[in-house]
Amino acid sequence: MTVQEIIVEKLNTLPLEKQQEVLDFVEFLQAQMQKRDLPSQNEGQPVSVLTLAEKFIGCVEGPGDLSTNKKYMEGYGS
C-alpha cells in the first residue's frame, strides 16, 4: 500500500471537521514549498515588478496601450 493510499484510508475515518484541518495543513505545506521555490538569485536585493511578472506578459489579449482608446480619457481634465 502506498503512502497516499494509507493517508486516504485514515482520512476517511476522521470526522469532517478534522478532514478540513488536514486539508488546511496540506495547503499550508504547499504554500511553504512555493515560497521556497521562488527565484532566489537576487536574494537580499530588490526585484522589479516587471521581473516578477515576466511569465504573465502577453497572456491576455487587448490593446498594448490603453491610451490608444481616446474614449477611455473622455471627461478627464475638463
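Residues numbered from 1 in each chain as written. Predicted model: local features only at pLDDT ≥ 70, side-chain atom pairs only at ≥ 80, totals over all residues. Heavy atoms only, no water.

### Quick word on the overall build of the protein chain
Part 1 of the reasoning: Assigned secondary structure in the protein chain consists of three helices and zero strands.
Part 2 of the reasoning: Each helix and strand of the protein chain, ordered N terminal to C terminal, gives the series α-α-α.
Part 3 of the reasoning: Split into buried and exposed, the 78 residues of the protein chain put 0% on the buried side.
Part 4 of the reasoning: A total of about 7,900 Å² of accessible surface is found on the protein chain, and carbon and sulfur atoms cover 58% of it. (Helix = DSSP H or I, 4+ residues; strand = E, 2+ residues; numbered from the N terminus. Buried < 20%, exposed > 50% of the residue type's maximum accessible area, 1.4 Å probe, protein only. Areas by Shrake-Rupley, 256 points an atom, 1.4 Å probe, with all protein chains shown as cover.)

### Comments concerning the confidence of the model for the protein chain
Part 1 of the reasoning: With 78% of its residues at a pLDDT of 70 or more, the protein chain has an overall mean of 82.
Part 2 of the reasoning: In the model of the protein chain, helix H3 (residues 49-53) stands out as the element of lowest mean pLDDT, 85, in contrast to helix H1 (residues 3-11), which has the highest, 94. (pLDDT = per-residue confidence, 0-100.)

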